[in-house]
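Reading the structure
Spelled out from the first residue to the last, the chains are:
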Amino acid sequence: MKGFTTKPYQGFSLIELMIAMSLALLLMLGVYKVFDVQQHGFEVIAALNDREDNAQLAMNILSNGIRMADHWGGVDAQQVRHINGSLSSASGACDSSWVFKVTDGLLGVEGSSSAQALKGLPIKCLKNKDYLKNSDLLVIRFADSHGYYRESDIDNKRYQKHYFVRAQSGKSAILFQGKQLALAAKNLPDLGFHYNMLFHSSLYFLRPCRKSSSGCIAGSSVLTRLTLKGDRYIQESLVEGLEQMQFEYGVDDNQDNSVDRYLVASKVSDWQKVLSVRIYLLVRSSLQDKTIDEKGKVYVMNSSALHTDNIYQVPDSLRYFPRKLYQSEVSIRNRLVN
């Protein structure tokens with residue numbers, strides 16, 4: 001037999017293979033880094049869009065309530081009588097006498113260091129844990145003219161616990177519970193024109209984000225209201241992402257139906273002279289952006305632009321969150337100026 005020889009196999013050496021793998025790994029890391037930066041950019045933009053949406057929603061909720069404040073169907077608040085009713089659920093001292101106080105169709109409460117220190121709000125109406133310190137509160141009450149109810153609508157099981165205002169424009173009005181319809185009709189007989197409207201009573205405030213919530217972000221808060229639902233005065237979450245909220249009130253000093261000056265709640269002596277409300281909302285993104293640093297930045301939330309009342313200084317722990325201050329002025333459409 002003739003002998004034979006074998007040719008050595010041609011391929012990569014171990015060193016060449018390691019170099020190739022290292023280069024591939026570096027390339028993959030570069031691609032991942034670009035993808036990660038782009039993904040974070042998309043998330044930041046989406047969070048900013050959510051911030052805009054939250055601000056718009058919060059403004060709409062507050063503005064709609066302010067416009068309707070103190071509306072009693074063409075009747076002055078002093079002419080609205082009340083058939084005594086009760087609440088099955090109320091928060092602390094926010095009892096029926098507070099909820100049904102129609103003479104305060106609009107009432108501002110200036111912020112303080114705790115819920116118990118608030119002036120103008122019944123003690124224990126809010127718990128300290130449910131109140132964002134130094135944020136303002138707003139009380140709004142009115143008869144809702146967006147819907148009118150016939151006696152046949154009210155006189156059924158569905159509306160037995162709800163509260164209504166029965167009004168005759170230019171005459172008088174009466175606040176009653178659905179089950180008291182017969183008594184209300186007796187006390188305010190039909191003169192050929194009357195309106196039955198749902199009664200609204202709400203307290204708007206900022207509540208700190210609860211750690212038990214899956215969407216809780218450190219330092220964030222939620223626009224919340226205590227509101228009348230049937231015969232229950234309950235807490236209702238509305239809009240997330242609000243960092244601070246302040247109000248100013250346009251006062252008509254000489255009764256010429258125009259605003260003469262804007263005041264904070266503690267300086268308003270007669271709430272019937274308030275014709276408009278300025279809303280200041282500081283809304284924050286849910287994601288940090290290290291390209292933004294607002295360490296020590298002060299947001300001025302007052303018409304005088306002075307660093308005195310209604311200011312907010314960004315804490316160091318929240319310095320990298322994008323935020324924006326929104327402002328709106330809303331007139332009270334239905335206020336009767338004597």
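None of the values given here were measured: they were computed from a predicted structure. Throughout this description, residue numbers start from 1 for each chain and increase along the sequence as written. Local features in this predicted model are restricted to residues whose pLDDT is 70 or higher, and side-chain atom pairs enter the listing and the counts only when it is 80 or higher, whereas totals over whole chains, interfaces and linings include all residues. Note: side-chain values were computed over all heavy atoms of the structure, leaving out hydrogens and water.

**Quick notes on the overall build of the protein chain**
In DSSP terms, a helix is any run of H or I states spanning at least four residues, a strand is any run of E spanning at least two, and both are numbered starting from the N terminus. Within the protein chain, the secondary structure is distributed over 4 helices and 13 strands. The buried share of the protein chain, taken over its 338 residues, is 43%. Under the convention used here, a 1.4 Å probe and the Shrake-Rupley method define accessible areas, while residue burial counts only the protein chains that appear. Total accessible area on the protein chain is roughly 18,600 Å²; 53% of this is exposed by carbon and sulfur atoms. Each residue is assigned to one of three classes by its accessible area relative to the maximum for its type, calculated with a 1.4 Å probe on protein chains only: buried under 20%, partly exposed between the two thresholds, exposed over 50%.

**Section: a positive patch on the surface**
Residues form patches when they are more than 30% accessible in relative terms and have no salt bridge. Like charges link within 9 Å. Nonpolar side chains (Val, Leu, Ile, Met, Phe, Trp, Tyr) link within 5 Å. Each reported salt bridge corresponds to a side-chain nitrogen of Lys or Arg within 4 Å of a carboxyl oxygen of Asp or Glu. Here Asp and Glu are counted as negative and Lys and Arg as positive; His is not counted, and neither are the chain ends. Lysine's charge is taken at NZ, arginine's at CZ, aspartate's at CG and glutamate's at CD. Where like charges cluster on the molecular surface, the positive patch consists of Lys157, Lys161, Lys179 and Arg232. The residue Lys157 is located in the loop between α3 (151–154) and β4 (163–168) in this model.

**Structural notes on the packing of aromatic side chains**
In summary, the pairing rule links any two rings of Phe, Tyr or Trp, Trp by its six-membered ring, whose centres are within 6.5 Å, and it sorts them by plane angle into stacked for under 30 degrees, edge-to-face for over 60 and tilted for everything else. Here the structure, examined in full by the defined rule, presents 9 aromatic pairs. Taking the centre distance of 5.8 Å and the plane angle of 40° together, the rings of Phe100 and Phe199 count as tilted. Pair noted here: Phe100 is in the loop between α2 (96–99) and β2 (106–109) and Phe199 is in strand β6 (residues 195–208), with a separation of 99 residues, a long-range link. In this pair, the class of Phe100 matches that of Phe199, namely buried. Each member of the aromatic cluster is reached from another via a ring pair, and the members are Trp72, Phe100, Tyr163 and Phe199. The criterion is that NZ of a Lys, or CZ of an Arg, lies within 6 Å of the ring centre and within 35 degrees of the ring normal, and then a charge sits over that ring. Across the ring face of Tyr262, the terminal group of Arg278 is positioned such that the distance to the ring centre comes to 3.9 Å. The residue whose ring lies beneath Arg284 is Phe321, and the NZ or CZ to ring-centre distance is 4.2 Å.

**What to know about the state of the cysteines**
The rule for a disulfide is simple: a pair of cysteine sulfur atoms within 2.5 Å. All told, the structure shown has 1 disulfide when counted by the stated rule. At a sulfur-sulfur separation of 1.3 Å, the disulfide partner of Cys94 is Cys125. Judged by the torsion about the S-S bond (-80°), the Cys94/Cys125 disulfide is left-handed. Highlighted residues: Cys94 in the loop between β1 (80–82) and α2 and Cys125 in the loop between β2 and β3 (137–144), separated in sequence by 31 residues. Residue Cys94 is classed as buried on the basis of its relative accessible area, which comes to 0%.

**Quick notes on the confidence of the model for the protein chain**
How sure the predictor is of each residue is captured by pLDDT, a score from 0 to 100. Put simply, the protein chain has an average pLDDT of 85, and 85% of its residues get 70 or more. Per-residue pLDDT, averaged within each element of the protein chain, yields its smallest value for helix α1 (residues 14–68) (76) and its largest for β3 (96).

**A look at the side chain of Ser112**
One can find Ser112 in the loop between β2 and β3. Of the residues examined, Ser112 reaches a relative accessible area of 17% and is grouped as buried.

**Comments concerning the layout of surface pockets**
Definitions used for this entry: grid spacing 1 Å over protein atoms alone; cavity, a set of points where a 1.4 Å probe fits but cannot get out; pocket, an open set with protein on both sides within 12 Å along at least 5 of 7 lines; lining residue, one with an atom within 4 Å of a point. Grid points are joined across faces, edges and corners, and a volume is the space filled by probe spheres set on the points. Quantified by volume, the largest pocket comes out at close to 350 Å³. Phe142, Asp144, His200, Arg225 and Thr227 are the residues nearest the centre of the largest pocket, which is lined by 20 residues in total. Mapped by element, the contributors of at least two residues to the lining of the largest pocket are α1, β3, β6 and β7 (221–229). Top contributing element to the lining of the largest pocket by residue count: β6, with 5 residues.

**Structural notes on the nonpolar core**
Each nonpolar core is a collection of buried residues, namely Ala, Val, Leu, Ile, Met, Phe, Trp, Tyr and Cys, held together in the definition by side-chain atoms within 4.5 Å. Core analysis: the biggest nonpolar cluster contains 66 residues, and Leu106, Leu203 and Tyr249 have the highest contact counts within it. With 7 residues, strand β8 (residues 232–251) is the single largest residue contributor to this core. Note on definitions: a residue-residue contact is assigned when non-hydrogen atoms from the two residues lie within 4.5 Å. Not counting residues within four places of it along the chain, the set of residues in contact with Leu203 comprises Leu121, Cys125, Leu126, Leu137, Leu138, Val139, Thr224, Arg225, Leu226 and Tyr233. Counting residues in hydrophobic clusters, the runner-up holds 11 residues, among them Ile154, Phe176, Ala184 and Leu188.

**What about unusual backbone geometry?**
The phi dihedral of Asn134 is positive, around 70°, even though this residue is not glycine. Relative to the helices and strands, Asn134 resides in the loop between β2 and β3. Classification of Asn134 as partly exposed rests on a relative accessible area of 43%. Positive phi values are uncommon outside glycine, yet Asn257 reaches one of about 65°. Residue placement: Asn257 occurs in the loop between β8 and β9 (261–263).

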